[in-house]
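# Chains, contacts and geometry: an overview
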Amino acid sequence: MDQPVRVRYAPSPTGHLHIGGARTALFTYLFARQRGGQFILRIEDTDLGRNVSGAAEEFYNGLRWLGIDWDEGEDVGGPYGPYRCTERMDIYREHIERLLGEDKAYYCYCTEEELEREREEQTAAGQTPKYSGRCRHLTPEQRAAYEAEGRSHTVRLRVGEGEKIEFRDEVRGEISFESDGNDFVIVKSSGMPTYNLAVVIDDHLMKITHVTRGEEHISNTPRQILLYRAFGWEEPIFAHFNLILNEAGKKLSKRDESILQFISQYRDLGYLPEAILNFLALLGWSPDTEEEIFSKQDIIERFSFDRVNKSGSIFDQKKLAWMNNHYFKKADLGEIVALCVPQLQRAGLLPEQLDEARQQWAKTLVALNQDKMNCAADIVPLTELFFRDEPELEGEGRAVLAEEGVPKVLEAFARQVEAMDDAAYTADAIKGAIKAVQAETGAKGKGLFMPIRVALTGQTHGPDLNETIWLLGRVKALKRLREAASGKLG
RNA sequence: GGCCCGUUGGUCAAGCGGUUAAGACACCUCCCUUUCACGGAGGUAACGGGGGUUCGAUUCCCCCACGGGUCACCA
């Protein structure tokens, strides 16, 4: 049998969990769960300057919210810790010493300015920028001289030229490179390992079997393979997922504002995590059936790397909205109410504390709109009219109210409503009242319902009228009817 | 520019030598409904180009074009 699968998601804590990262984590997680393996979360914080405090916690929260859990990580522990680069410095040091000792790596005293100038000159001369190798063969005297100057050093890996570097990618097949003799930096002058060094050491020591990540890392892979070779370690299996693109077809950047790209934004808008997980799974991966609504468990059972798409996927917010709407319709009303009430509270439409009656009222309000919402935040524009003093009359509505016989209908209905006491004011009673108006005035169909709807809501469309009128409340309904009947509206 | 990867409708995508080239989102039409939405029934719309290989290419190979990724002491 195959050795047990161990995979990891290793974000750098420099910002929020975004769609691309979540999707990478998801694919990795799905693979682990499907194969009964371990999913590890590691924090790659080697860039001290860019680390954002609290970012790691945000990753944890976002991932858990989506339904992704892990077996090892700094918050849950595990036998291969620590799970954060900055806490693994002793480990790195030891491995760097080894490379240095075997003369597979060397100190480089070039300053960033010198290197930049070198690159500029090469670029100006039409050459591909590449490290000159100036410090490659420094004598002990030269080194001592640099040290005496107070120069700091980096460590570079010796890279041969023309060495074949081939690997089999689980999603793209064979990929091959040729080493270019460009000695790359593996330890920064600060003493911190660079990403490439840290991942290789960590992945190896944590016994990672499959290295999964976005396509943008393909070009890092040959360098990492060189490192595996330098250490004499067996390479893991690689899998690079396609990129998620914005509407312009470009890789999502953190500054991109054309799209909502942070998981927290969707959570705040009241999306359902199951919908996002479902949608993300289908972005770059497809099952072998025509269905597309899947629970996490369904996806775990079906997932495989060979059905991951090779070309980039444009993130379609409209389809996500549709999918979330689909999950909304299937969800328990109670769950949707719990999502919508805070939205209304945040908009200042509902008080922080709801009494029993108000709670019941809110439940009906949400129930009436449950299948219209793409996300919980939609409840606000959808139901705003219930909270206003005056309905906002649309152009079409104005035309409806201007029709002949409308005041008579509205007055008749107003009398009906007035005759009810508060206890008798129910959706059923309202239905009966409208019937009575029909009998009295002879108005029917559109000519009956539409004026009432417009007078009360200002709109020519909306959910069930009886429920709507009940939600409005007797007093407000009466007031609006009278105003519309007397032509005061609009 | 070098290296690497990719290219099926507007979007997500199925297809893995022979198909009327699926399905979904979006859009349009119709039905249902007092209205909107939901739901139902339809519709518009795609294999980047050129060479091969083959009886036969969307599918395999090559070239080109286009798109993207990456070329840091960022990950």
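Rules behind the numbers
Residues numbered from 1 in each chain as written. Chains lettered and ligands numbered in written order. Predicted model: local features only at pLDDT ≥ 70, side-chain atom pairs only at ≥ 80, totals over all residues. Heavy atoms only, no water. UniProt positions renumbered as here; feature names shortened; annotations may be inferred. Near = heavy atom within 4 Å. Polar contact = N/O pair within 3.5 Å; in protein donor to acceptor, adjacent residues only side chain to side chain. Helix = DSSP H or I, 4+ residues; strand = E, 2+ residues; numbered from the N terminus. Buried < 20%, exposed > 50% of the residue type's maximum accessible area, 1.4 Å probe, protein only. Pairing = 2+ DSSP bridges. Right-handed = clockwise from strand over helix to strand, strands pointing away. Core = buried A, V, L, I, M, F, W, Y, C linked by side-chain atoms within 4.5 Å. Domains from an automatic or database assignment. Contact = heavy atoms within 4.5 Å. Axes fitted to C-alpha atoms, helices over the stretch in contact; angles between N-to-C directions. Expected span 1.5 Å × (residues − 1).

Per an unreviewed UniProt entry, chain A goes by the name Glutamate--tRNA ligase and belongs to Cohnella zeiphila. UniProt lists a comment for chain A under the heading Catalytic activity (unreviewed entry), and it reads "tRNA(Glu) + L-glutamate + ATP = L-glutamyl-tRNA(Glu) + AMP + diphosphate". A UniProt comment under Subcellular location (unreviewed entry) is attached to chain A, and it reads "Cytoplasm".

## Thoughts on the protein's contact with RNA strand B
Of all residues adjacent to RNA strand B, which total 59 residues, the nearest are Arg172, Lys250, Gly284, Glu292 and Ser313. Sugar plus phosphate, as a fraction of atoms of RNA strand B within 4 Å of the protein: 77%. Tryptophan 322 is positioned with one of its side-chain polar atoms (N or O) 3.5 Å from a phosphate oxygen of RNA strand B. One of the backbone nitrogen or oxygen atoms of aspartate 371 is found 3.5 Å away from a sugar or linking oxygen of RNA strand B. Those elements giving two or more residues to the surface near RNA strand B turn out to be α4 (112-124), β6 (173-180), β11 (313-314), α11 (317-330) and α18 (446-457).

## Brief notes about the pairing of strand β1 (residues 6-9)
Across the two faces of β1 the burial is the same, with Arg6 and Arg8 and Val7 and Tyr9 all buried. Where β1 meets strand β2 (residues 38-41), four bridges bridge the pair, whose relative direction is parallel. Across the sheet, residue arginine 6 finds its bridge partner in β2, namely glutamine 38. With helix α1 (residues 19-34) bridging β1 and the parallel β2, this β-α-β connection has right-handed handedness.

## Some words on the UniProt feature "domain: Aminoacyl-tRNA synthetase class I anticodon-binding" (unreviewed entry) in chain A
Here, the residues flagged by UniProt with the feature "domain: Aminoacyl-tRNA synthetase class I anticodon-binding" (unreviewed entry) are residues 344-484. For residues 344-484, helix accounts for 63% and strand for 0%, while the C-alpha atoms at its two ends are 27 Å apart.

## Some thoughts on the nonpolar core
Counting residues in each nonpolar core, the largest one holds 107 residues, and the members touching the most others are Leu26, Leu280, Phe315, Leu410, Phe413, Ile452 and Ile469. Per-element accounting of this core gives the leading share, nine residues, to α1. Both domains that meet at this core, namely domain 1 (89-241) and domain 2 (395-485), each give it at least three residues. Setting aside chain neighbours within four positions, we find leucine 280 in contact with Ile19, Ala22, Arg23, Leu26, Phe27, Ile263 and Phe315.

## Thoughts on the sheet that holds strand β4 (residues 154-157)
If you walk across this open sheet you meet the three strands as β3-β4-β7, and the pairing is antiparallel. The outermost strands of the open sheet, each flanked by one partner alone, are β3 (105-108) and β7 (185-187). In this sheet, neighbouring strand axes are inclined to one another by 45° on average, regardless of whether the strands run parallel or antiparallel. As paired elements, β3 and β4 share four bridges and run antiparallel to each other. Bridge assignment links alanine 105 to a residue of β4, and that residue is leucine 157.

## A word on helix α16 (residues 406-419)
Along its 14 residues, α16 runs 20 Å from first to last C-alpha, staying within 8% of the 20 Å computed at 1.5 Å per residue. Within α16, burial applies to Val406, Val409, Leu410, Ala412, Phe413, Ala414 and Val417. In this structure, the buried residues of α16 make contact with α15 (395-401), α17 (427-441), α18, α19 (465-472) and α20 (474-485).

## Things to note about the domain arrangement of chain A
Each assigned domain of chain A is listed here: domain 1 (89-241) and domain 2 (395-485). On a C-alpha basis, the centres of domain 1 and domain 2 stand 76 Å from each other.

## Here's the deal with α18
Between the first and last C-alpha of α18 there are 15 Å, a value that for 12 residues agrees with the 16 Å anticipated at 1.5 Å per step. What α18 keeps buried is the set Leu448, Met450, Pro451, Ile452, Arg453, Val454, Ala455, Leu456 and Thr457. Looking at the buried side of α18, the elements it contacts are α15, α16, α17, α19 and α20. One or two steps after α18, the chain reaches glycine 458, where phi turns positive at roughly 80°.

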